[in-house]
Structure formats: C-alpha cells, structure tokens
Amino acid sequence: LPRTLSALADQTRPVDRAIGVDTSSRDDSLRHLTNAFGADQVTSYRAHRGGLGAALKAGLASLAPSGGNTAGEWIWLLHDDSAPDPRALAELLTAVELAPSVTVAGCKQLDWDSNRHLIDVGLSISRWAERLTLIEPEELDQGQYDGRSDTFAVNSAGMLIRRDVWELLGGFDPALPGTGDDVDFCWRNRLAGNRVVVVPTAKI
C-alpha cells in the first residue's frame with residue numbers, strides 16, 4: 001500500500017480527489033490511507049459480504065450527487081497492490097479524450113516484483129465465460145502488444161471509468177466475489193453500446 005500511495009502521488013497528471021476505502025484491515029492500512037488522503041477522505045467498510053463492488057459503493061457514496069451531466073468526470077480505480085507508472089493516468093486520459101466513445105480504459109498490467117513480466121494487456125473470455133488474459137505464461141513485455149486498443153474487458157486495477165456510465169450501470173455488481181467483477185462491468189458497458197480499450201502506454 002505505501003508503494004501504491006507513493007506511485008499515486010507521483011502521477012504527472014495528479015488526481016483531482018482521492019478517496020480511500022479500508023476494508024477491515026488488520027495492519028497499518030487505515031493509518032497509511034488517512035495520512036495520504038486525510039481522515040475525511042477515507043471510508044472504513046466493515047461488511048463481510050459484497051466484494052469489491054460493495055466497497056467501491058461505500059467509498060464513492062461521499063461523492064457529491066451528480067445531479068446533471070457527469071460525462072466529463074472520471075473514476076480511477078486502484079487496488080492496494082497496484083502501483084501505477086508516473087504517466088499512467090495521463091496516458092489513460094489522453095486516450096479517452098481522443099475517443100469520446102470510450103467509457104472504460106485500462107492499463108497494461110505488469111508483475112509487482114518483475115516489471116518485465118506481463119500479467120495482462122486487456123482481457124477476454126472463453127466460450128464458457130472463463131477469464132482469459134490472451135498472453136502466454138511468463139511472457140515478457142517487449143512491446144508486442146502495444147498496438148492493442150479495443151478489447152472485451154480490462155483489469156479493475158487501474159481501470160478508468162466515465163462517472164455517468166458507472167452510475168448508469170450501477171458500478172460493480174456486489175453479488176460477485178471480486179474475481180470477475182471487472183469482466184462483468186466491461187461486458188455490461190459494451191452491451192450498452194460503449195467502447196472498452198486497453199492503453200498499453202499506461203502501465204501499472
């Protein structure tokens with residue numbers, strides 16, 4: 001978490017507002033979040049069910065009601081173990097500004113301990129709805145997927161979502177355990193007629 005918070009603070013395009021959600025941690029996570037964002041920007045979520053979707057709903061409840069057009073507002077999701085490259089947010093925002101039809105954008109996912117090892121560059125599903133990364137095990141990043149753009153889904157770590165679409169679709173489904181909520185949300189976003197893209201220059 002400290003590494004993730006440090007990476008967030010080092011963004012070349014700083015976030016306008018940061019909200020932290022502590023999900024019943026038993027370590028120093030709450031203190032780290034409070035020190036980074038301030039106590040009034042941190043929500044403690046103690047429910048035992050609902051997965052990531054419920055935790056996000058609790059955290060985002062502090063946002064002012066939209067009450068109008070929120071197409072210019074974006075929500076950027078970071079996990080406690082997802083440290084973005086300094087230009088990640090800037091690259092994501094550039095991609096969505098160039099293509100207004102894009103309402104969800106995701107990052108190139110790299111291994112925490114070895115940033116040459118790919119985790120995924122966009123996601124898909126099999127005919128049985130199994131999650132697919134479309135890369136080989138232990139594959140190294142040599143820029144071979146840097147031409148990718150439109151994709152079925154992107155990883156929730158570093159996912160950028162237009163706020164009005166997030167609200168229209170009801171966010172992540174709290175009924176899901178957390179391993180498929182990103183694919184489910186992107187699937188619903190595509191069914192609503194919107195685009196999902198991966199931005200390989202945005203690394204996390």
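Residues numbered from 1 in each chain as written. Predicted model: local features only at pLDDT ≥ 70, side-chain atom pairs only at ≥ 80, totals over all residues. Heavy atoms only, no water.

A.B. asks: It is not clear to me how the pattern of salt bridges should be interpreted in this structure. Could you clarify?
C.D. replies: Any two side chains of opposite charge can pair, so long as their charged atoms come close to each other. The tally for this structure, following the rule as stated, stands at eleven salt bridges. Residue Arg-188 is joined to Asp-184 by a salt bridge in which the shortest nitrogen-to-oxygen separation is 3.0 Å. Taken together, the residues Arg-188 and Asp-184, both in helix α6 (residues 181-191) and four residues apart, mark about one turn of the helix. By sharing partners, the salt bridges in this structure join Glu-73, Arg-163 and Glu-167 into a single network. (Salt bridge = Lys/Arg side-chain N within 4 Å of Asp/Glu carboxyl O. Helix = DSSP H or I, 4+ residues; strand = E, 2+ residues; numbered from the N terminus.)

A.B. asks: Looking at this model, I keep getting lost on the pairing of strand β4 (residues 102-110). Mind explaining?
C.D. replies: Side-chain direction in a regular strand flips from residue to residue, so the side chains alternate between the two faces of the sheet. Taking burial as the measure, the nine residues of β4 include nine buried ones, the bulk of the element. The pairing of β4 with strand β5 (residues 118-120) spans two bridges and is antiparallel. Of the residues in β5, the one forming a bridge with Leu-110 is Leu-118. (Buried < 20%, exposed > 50% of the residue type's maximum accessible area, 1.4 Å probe, protein only. Pairing = 2+ DSSP bridges.)

A.B. asks: How do you make sense of unusual backbone geometry when you look at a structure like this?
C.D. replies: One non-glycine residue, Ser-24, lies in positive phi territory at about 60 degrees. With respect to the element layout, Ser-24 can be found in the loop between β1 (20-22) and α2 (29-37). With a relative accessible area of 27%, Ser-24 lands in the partly exposed category. The backbone of Leu-134 sits at a positive phi, close to 65 degrees, despite the residue not being glycine. For Leu-134, the location among the structural elements is in the loop between β7 (131-132) and β8 (160-162).

That's the geometry; what it means functionally is another story.
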